[in-house]
Amino acid sequence: MFKVIRAFFKFMNSAALSLEKESEKMAIESKRNFNDYIESCGGIEEVEKANKKAEEYLKRMR
């Protein structure tokens with residue numbers, strides 16, 4: 001009985017580690033995609049300018 005419980009906990013531990021590694025990979029990929037998107041928009045300065053214009057537009061609409 002204890003072997004079954006021990007095997008179950010080993011399985012759960014390995015599954016948790018696998019999920020953690022996959023989560024790290026997804027976070028790295030997400031950051032890479034975000035950075036690529038920012039660069040495709042002309043860099044962070046251009047994105048900040050667009051955000052400022054959008055905020056000003058929203059203020060005028062209120």
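Please read all numbers here as calculations on a predicted model, not as lab measurements.

Cut-off values and rules
- Residues numbered from 1 in each chain as written.
- Predicted model: local features only at pLDDT ≥ 70, side-chain atom pairs only at ≥ 80, totals over all residues.
- Heavy atoms only, no water.
- Salt bridge = Lys/Arg side-chain N within 4 Å of Asp/Glu carboxyl O.
- Helix = DSSP H or I, 4+ residues; strand = E, 2+ residues; numbered from the N terminus.
- Buried < 20%, exposed > 50% of the residue type's maximum accessible area, 1.4 Å probe, protein only.
- Patch = residues over 30% accessible without salt bridge, like charges linked within 9 Å, V, L, I, M, F, W, Y side chains within 5 Å.
- Areas by Shrake-Rupley, 256 points an atom, 1.4 Å probe, with all protein chains shown as cover.
- Lys, Arg positive; Asp, Glu negative; His and termini not counted.
- Charge placed at Lys NZ, Arg CZ, Asp CG, Glu CD.

> Help me understand the pattern of salt bridges, please; the structure alone is not making it clear to me.
Opposite charge on two side chains permits pairing when their charged atoms draw close. One pass over the full model with this rule turns up 2 salt bridges. Between Glu29 and Arg32 there is a salt bridge, with the nearest N and O atoms lying 3.0 Å from each other. One end of the pair is Glu29 and the other is Arg32, both in helix H1 (residues 2-40) and 3 residues apart, which spans about a single turn. Arg32 gets classed as partly exposed once you look at its relative accessible area, which sits at 45%. The shortest N-O distance in the salt bridge between Glu46 and Lys49 comes to 3.5 Å. In this pair, Glu46 and Lys49 are both assigned in helix H2 (residues 44-61), 3 residues apart and thus about one turn of the helix distant.

> Would you take a moment to explain a negative patch on the surface for this structure?
Taken together, Asp36, Glu39, Glu45 and Glu48 make up a surface patch of like negative charges. The set of elements that each furnish at least two residues to the negative patch consists of H1 and H2. Mapped onto the elements of the fold, Asp36 is located in helix H1. A relative accessible area of 47% places Asp36 in the partly exposed class.

Limitation: the analysis is restricted to geometry and does not speak to function.
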